[in-house]
Amino acid sequence: MKRRRIKRRNKERRRRLFDEQFGKRAEFARGFPCIIEGCGKWPTQAAHVKSRGAGGKAESNIVSLCLHHHTEQHQLGILSFQAKYQIDLQSQAERIEKLFQSHGQHIGDYDLPF
């Protein structure tokens, strides 16, 4: 029996969704140190506060976390992670989004949002 390769459908949609979730905003967020107080490690990853499957949108949904804290966020879950570090990830994501809107892709010398 010959195996057929399954074609990916909606390549344009997949590219658009990828760009929304991991595009310019994620690149901008990775320009900041880890937002957890006392950490400040580099490099960081763009962590989603709310997954797309849970209704999260690209805007106001990305924070910068180091690899350790990003992994911990996934292991604990958002609510437990926020409680452990006493941080509101959504408000931090909104601050990063405001900076993104005012500065675009360019990370210059200005006050960090945390």
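Structure: see above.
One structure accompanies this document, and this report is about it. (Residues numbered from 1 in each chain as written. Predicted model: local features only at pLDDT ≥ 70, side-chain atom pairs only at ≥ 80, totals over all residues. Heavy atoms only, no water.)

What about the overall build of the protein?
Here comes step 1: Helix and strand counts for the protein stand at 5 helices and 2 strands.
Here comes step 2: Reading the protein from its N terminus to its C terminus gives the helix and strand order α-α-β-β-α-α-α.
Here comes step 3: The 114 residues of the protein split such that 34% are buried.
Here comes step 4: Taking the intrachain contacts of the protein between residues at least 6 apart in sequence as the baseline, contacts between residues at least 24 apart amount to 57%. (Helix = DSSP H or I, 4+ residues; strand = E, 2+ residues; numbered from the N terminus. Buried < 20%, exposed > 50% of the residue type's maximum accessible area, 1.4 Å probe, protein only. Contact = heavy atoms within 4.5 Å.)

Let's talk about the pattern of salt bridges
Here comes step 1: Summed over all chains, the structure comprises 2 salt bridges.
Here comes step 2: As a salt-bridge pair, E97 and R25 come within 2.8 Å of each other at their nearest N and O atoms. One end of the pair, E97, is in helix α5 (residues 89–103); the other, R25, is in helix α2 (residues 24–29), and 72 residues separate them in sequence.
Here comes step 3: For E97, a relative accessible area of 10% puts it in the buried group.
Here comes step 4: Between E72 and K84 there is a salt bridge, with its nearest N and O atoms 2.4 Å apart. (Salt bridge = Lys/Arg side-chain N within 4 Å of Asp/Glu carboxyl O.)

A look at helix α3 (residues 67–76)
Here comes step 1: H69, H70, E72 and Q73 are the residues of α3 that are buried. Taken around the axis of α3, the buried residues stretch over an arc of 160 degrees, which confines them to a single face. In α3, those exposed residues whose orientation departs by more than 90 degrees from the buried face are L67, H68, H74 and Q75.
Here comes step 2: Each element contacted by the buried residues of α3 is listed here: β1 (45–48), β2 (62–65), α4 (78–85) and α5.
Here comes step 3: G77 sits one or two residues past α3 and shows a positive phi near 95 degrees. (Arc of directions from axis to C-beta.)

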